[in-house]
Amino acid sequence: MAVPTAPPALKFTGSKHLSQRLVLATLTGKTVRISQIRSSSHTSPGLAPHEVSLLRLLEAVTNGSHIEFSYTGTTVLYKPGLITGSAAGYGAQGGVIRHELPADCRRGVSYFLIPLCLLAPFSKAPINVLFTGPGVVTSSTEAGDVSADTVRTAILPLFRSFGIENNLELRILRRSNIGRDGKGGGGEVQLVFGHQVRLPKTVHLMDAGRVKRIRGVAYSTGVAGANNARLIEAARGVLNEFMPDTYIFSDISPAPFVPAPTKENPAAKRKIGLGFGLSLVAETNTGALYSADVASPPAGGEPPEDIGRKCAYQLLEAIEEGGYVSSVAAPTVLTLMAMGSEDVGRITLGKAVLGLEQVVQLARDLRTFGLSGWGLREDEDEENEVVLSIVGKGISNVGRKIT
Amino acid sequence: ARALHDRKQPYRVADLARMMYDDMLSTADVLRAWRGEGEAHDTATGEDNDDNDDLFQRKESTDNDEEDRLVPRLDYSALETKWAEADNIEAMRHRFANTRLTGANAEDVGDDDDE
């Protein structure tokens, strides 16, 4: 950009909260230098494969980004460019950016989807990214990622309250659980985010309401479909006590067949990403969403009944924590609120959600990036909820033409 | 009574608002203080708490090596007993719009179970 002397880079340390910081840097256009990334680790110092992949994704959807790694990968300098999206001429083919995830990726595809969804409303052109390659895991993972189903059913709908609702679609083209040794997949997911705004609307999400329905997706990849029925039955066994209107879809798909060339047989293929899992979403009468995700561990050894029950308990916990957003969606919603127009937006949060390290760190990071601080106040009606008010900074979408 | 009075009430919003932007404290410290776990050192249960702290430290150091996670780690066996208790179930009822198991909805449930 046409600034004679670039402002000094904002400095951060550590590998935690990396994606959140990169997203904030891209949105505010500020340069960041993140150092000491796993510098104390002897086995795998520096950026992990999924983090490198996330940086490459950011580079793909922006124009003019500049990324510098140190030799060991423990320090990264990121100078964001303009968010251009999948505009022709910037690496997109036919309006679609293909993003390949490496086989040693240990994170689910939602690790990439959620940051991308945060950038997408501020993009110049619609975002259309196809995640493919041997590292795409659509299920939830042990590393704490939610499944792609949860992104579709519990995170994308939240953009509606910010006035972002048209042409949002997440297609799960091929499912995959996490591979046998806890890495890799073989799935395929396409995110179409066609609604770009100048500023997200100011929201007042005050009333969490009451849960009126529970929906879910049970998925079996490469294993018998009976697992789905067992997952669903176990989850319903817990939830029926509370909510008769529970409907869980069942999706059975074959395992992805990915190339695994060996010396003897370069054309060899193998099946990876077998397993099953469950994603549950509870919706309230005011549109608040709570979600839960559990998938079978890559080592196996857990019957679907246990997974189903765990998922149901996790959902009950999320509902009990209260607030308008659960811990899964809180960072996304809070970031969008901070990006809104210069007006006070309000949201109720459960105290347990606010008391998460990630959320407090987000508050600090937002301030570091020059966004406004949060105001906190007790909720009069609900004792375990807090009303959080955020003044937007009016960071407008520079790329979008004013209409 | 004084000891009880001196102990800070956990989860007070004003406390968090005060500590949130205090960069001298790490986020973990802030949250521990907010939950009221930090200031119990000099009480009679000090030993217990030290144990707890050790546990926390260890957990954190492994956590720090790991990445950010969205799905919370939960103790599922504790949850199983928690949600088996009638009191807890009753306390949750107000969060649900319609929890009658009789009437029109009961039939729906029956139908689904047959599948």
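Quick notes on the rules
- Residues numbered from 1 in each chain as written.
- Chains lettered and ligands numbered in written order.
- Predicted model: local features only at pLDDT ≥ 70, side-chain atom pairs only at ≥ 80, totals over all residues.
- Heavy atoms only, no water.
- UniProt positions renumbered as here; feature names shortened; annotations may be inferred.
- Helix = DSSP H or I, 4+ residues; strand = E, 2+ residues; numbered from the N terminus.
- Buried < 20%, exposed > 50% of the residue type's maximum accessible area, 1.4 Å probe, protein only.
- Areas by Shrake-Rupley, 256 points an atom, 1.4 Å probe, with all protein chains shown as cover.
- Pairing = 2+ DSSP bridges.
- Phe/Tyr/Trp six-rings, centres within 6.5 Å; stacked < 30°, edge-to-face > 60°.
- Lys NZ or Arg CZ within 6 Å of the ring centre and 35° of its normal.
- Axes fitted to C-alpha atoms, helices over the stretch in contact; angles between N-to-C directions.
- Right-handed = clockwise from strand over helix to strand, strands pointing away.
- Contact = heavy atoms within 4.5 Å.
- Buried area = accessible area lost by both parts, 1.4 Å probe.
- Salt bridge = Lys/Arg side-chain N within 4 Å of Asp/Glu carboxyl O.
- Polar contact = N/O pair within 3.5 Å; in protein donor to acceptor, adjacent residues only side chain to side chain.
- Nonpolar A, V, L, I, M, F, W, Y, C, P; charged D, E, K, R; others polar.

Per an unreviewed UniProt entry, the recorded name for chain A is 18S rRNA biogenesis protein RCL1, and the organism is Baudoinia panamericana. Word for word, the UniProt comment on chain A under Subcellular location (unreviewed entry) is "Nucleus, Nucleolus". If you open the UniProt record of chain A and go to Sequence similarities (unreviewed entry), you find "Belongs to the RNA 3'-terminal cyclase family. Type 2 subfamily."

Draft legend 1. Inspection of the overall build of chain A at higher detail. For chain A, the count of helices and strands is nine helices and 20 strands. When burial is assessed residue by residue, chain A has 60% of its 403 residues classed as buried. By element, 50% of the accessible surface of chain A is carried by carbon and sulfur atoms, the whole surface being about 15,500 Å².

Draft legend 2. Layout of the sheet that holds strand β11 (residues 204–205) of chain A. All names here are of chain A. One open sheet accounts for four strands, arranged β11-β18-β20-β19; its pairing is mixed. Among the strands making up the open sheet, the edge pair consists of β11 and β19 (374–378). In the sheet, β11 pairs with strand β18 (residues 344–350) via two bridges, with the strands oriented parallel. Note that in β18 the partner of leucine 205 across the bridge is isoleucine 347.

Draft legend 3. Spatial organisation of the packing of aromatic side chains. Residue and element names in this part refer to chain A. Per the counting criterion, the structure on display carries eight aromatic pairs over all chains. Among the aromatic side chains, those forming a connected cluster through ring pairs are Tyr111, Phe112 and Phe131. The residue whose ring lies beneath lysine 271 is phenylalanine 257, and the NZ or CZ to ring-centre distance is 6.0 Å.

Draft legend 4. Structural view of unusual backbone geometry. Unusually for a residue other than glycine, glutamine 36 of chain A sits at a positive phi of about 55°. Assignment of secondary structure puts glutamine 36 of chain A in the loop between β2 (32–35) and α2 (49–61).

Draft legend 5. Quick look at the sheet that holds β2 of chain A. All names here are of chain A. With respect to topology, four strands assemble into an open sheet ordered β1-β2-β5-β4, the strand pairing being mixed. Only two strands of the sheet have a single neighbouring strand rather than two, namely β1 (10–13) and β4 (66–69). Geometrically, the sheet is characterised by an average inter-axis angle of 15° between neighbouring strands, direction not taken into account. Relative to strand β5 (residues 76–79), β4 runs antiparallel, the two sharing four bridges. Within the sheet, the bridge partner assigned to histidine 66 lies in β5 and is lysine 79.

Draft legend 6. Quick look at the pairing of β2 of chain A. Residues and elements named next belong to chain A. Relative to β2, β1 is paired through four bridges, and the arrangement is parallel. What sits directly across from threonine 13, in β2, is serine 35. As a crossover connection, the stretch from β1 through helix α1 (residues 18–28) into β2 is right-handed.

Draft legend 7. Structural view of the interface of chain A and chain B. Between chain A and chain B, the contact holds 60 residues from the first and 49 residues from the second. Considering only the surface of chain A that becomes buried against chain B, Phe242, Tyr313 and Arg364 of chain A emerge as the three largest contributors, covering 15% of it. At the surface where chain A touches chain B, the tally comes to five salt bridges. The partner of glutamate 320 of chain A in a salt bridge is lysine 82 of chain B, with the nearest N and O atoms 2.7 Å apart. If you look at where chain A meets chain B, you find 22 residue pairs in polar contact (both at pLDDT 80 or more). Mapped by element, the contributors of at least two residues to the side of chain A that touches chain B are α1, α2, β12 (211–221), β17 (289–295), α6 (304–321), α8 (351–354), α9 (357–368) and β19 of chain A. When residues in the side of chain A that touches chain B are grouped by element, the largest group, eight residues, is from α6 of chain A. Tallied by class, residues from the side of chain A that touches chain B come to 23 nonpolar, 15 polar and 22 charged.

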